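Residue strings, one per chain:
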Amino acid sequence: MFQPVAPNIASDFMPTVLVLASGRGERFAASGGQGNKLHALLDGKRVIDWTVDAVRASGLTFHVEDVGHAGMGDSIAAAVRATPSASGWLILPADLPLIRACSLLLVARELRRAPLVVPYFQGQRAHPVGLGPEHAEAALNLRGPQGLAQWIAAHEALNLAKRLELDDAGGVTDIDTVQDLERAAQMLRAGV
């Protein structure tokens, strides 16, 4: 499904995609799912493999943060710490198997012009969020379960974030429950 896409980004600015795969998936288990939600099969392929394949197709460098952490904030901080030479970061939870490579590239391109890029899909905050190197310290200091949510909201309230509309339902189609997995399978079959 994913075709390789050559990035059209200046070679001196190449953000790194941080694929966050540290979650415990408690909601998935509570909904009747077996094992780690990232290893659940979607059309014969693991959820995380769909996500990583889209990242690979984008041509962007990436880091998979799969060490257990206390929360999303801790995962982001660890991933930024592991990629100190990055020109910026795209924060991508690993449970977004339908994300499109072109969406990653659009956020990466916009990150050249704005230090904080927040994608939206039909009015809903989407992924991946783009962080420029200006925000490295803030990212390194993240802790807890909320990740960037409150920090982004504060920056948006002050008009310090670039809002980017994407035509990609994959940016909001995360897999938290067995029902989410079935919905993603239906979307795949429908070619969404």
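Nothing here was measured: the structure is a model prediction, and the numbers come from that model. (Residues numbered from 1 in each chain as written. Predicted model: local features only at pLDDT ≥ 70, side-chain atom pairs only at ≥ 80, totals over all residues. Heavy atoms only, no water.)

This part is about the nonpolar core. Across soluble globular proteins, nonpolar side chains show a tendency to be buried alongside one another. Core analysis: the biggest nonpolar cluster contains 40 residues, and Leu-42 and Leu-90 have the highest contact counts within it. Elements represented by at least two residues in this core include exactly strand 1 (16-20), helix 2 (47-58), strand 5 (89-93), helix 4 (101-111), strand 6 (116-121) and helix 7 (178-190). Top element by residues in this core is helix 2. It accounts for 6 residues. Ignoring sequence-local partners within four residues, the contact set of Leu-42 consists of Val-47, Trp-50, Pro-97, Leu-98, Leu-181, Ala-184, Ala-185 and Leu-188. With 19 residues, the next largest nonpolar core counts Leu-18, Ala-79, Val-118 and Ala-139 among its residues. (Core = buried A, V, L, I, M, F, W, Y, C linked by side-chain atoms within 4.5 Å. Buried < 20%, exposed > 50% of the residue type's maximum accessible area, 1.4 Å probe, protein only. Helix = DSSP H or I, 4+ residues; strand = E, 2+ residues; numbered from the N terminus. Contact = heavy atoms within 4.5 Å.)

With that settled, consider the packing of aromatic side chains. Two numbers describe a pair of aromatic rings. These are the distance of the centres and the angle of the planes. Following the criterion strictly, the structure yields 0 aromatic pairs and no others. The ring centre of Trp-50 lies 4.1 Å from the NZ or CZ of Lys-45, which sits over that ring. Here the guanidinium or amino end of Arg-163 rests over the ring plane of Tyr-120, the centre of that ring lying 3.7 Å away. (Phe/Tyr/Trp six-rings, centres within 6.5 Å; stacked < 30°, edge-to-face > 60°. Lys NZ or Arg CZ within 6 Å of the ring centre and 35° of its normal.)

Of note, His-155 is situated in helix 6 (residues 149-157). In this structure, the C-alpha to C-alpha distance between His-155 and Gly-23, residues 132 residues apart in sequence, is 25 Å. Setting aside anything within four residues of it in sequence, one finds His-155 in contact with Leu-116, His-135, Leu-160 and Ala-161.

This part covers helix 2. Here helix 2 is 12 residues long and its end C-alpha atoms lie 17 Å apart, about the 16 Å a rise of 1.5 Å per residue gives. Those residues of helix 2 not exposed but buried are Val-47, Ile-48, Trp-50, Thr-51, Val-52, Ala-54, Val-55, Ala-57 and Ser-58. Positive backbone phi, approximately 85°, marks Gly-59, located one or two places after helix 2. (Expected span 1.5 Å × (residues − 1).)

Our focus in this paragraph is helix 3 (residues 72-82). With respect to burial, helix 3 is a largely interior element, 8 of its 11 residues being buried. Where helix 3 is concerned, the buried positions are Gly-73, Asp-74, Ser-75, Ile-76, Ala-77, Ala-78, Ala-79 and Val-80. Looking at the packing, one finds that the buried side of helix 3 touches strand 1, strand 4 (61-65), strand 5 and helix 5 (136-140).

Turning our attention to the pattern of salt bridges. Within the structure shown, the criterion is met by 12 salt bridges. The partner of Asp-168 in a salt bridge is Arg-100, with the nearest N and O atoms 3.8 Å apart. Note that Asp-168 is positioned in the loop between strand 9 (162-165) and helix 7 and Arg-100 in the loop between strand 5 and helix 4, a separation of 68 residues in sequence. For the salt bridge of Asp-180 with Arg-183, the shortest nitrogen-to-oxygen distance reads 3.7 Å. In this pair, Asp-180 and Arg-183 both sit in helix 7, 3 residues apart, roughly one turn of the helix. Assessed through its relative accessible area of 35%, Arg-183 is described here as partly exposed. Connected through shared salt-bridge partners, Arg-27, Lys-37, Asp-95 and Asp-176 make up one network. (Salt bridge = Lys/Arg side-chain N within 4 Å of Asp/Glu carboxyl O.)

Looking at the secondary structure, you find Thr-177 in the loop between strand 9 and helix 7. Ignoring sequence-local partners within four residues, the contact set of Thr-177 consists of Arg-27, Phe-28 and Ser-31.

Here we take up the pairing of strand 5. Of all 5 residues making up strand 5, 5 are buried, and the element is well covered by its neighbours. Every second residue of strand 5 is oriented toward a common face, with Trp-89, Ile-91 and Pro-93 on one face and Leu-90 and Leu-92 on the other, all of them buried. As defined by bridge partners, strand 1 adjoins strand 5 across 5 bridges and the pair is classed as parallel. Bridging from a neighbouring strand, Leu-20 pairs with Pro-93 of strand 5. (Pairing = 2+ DSSP bridges.)

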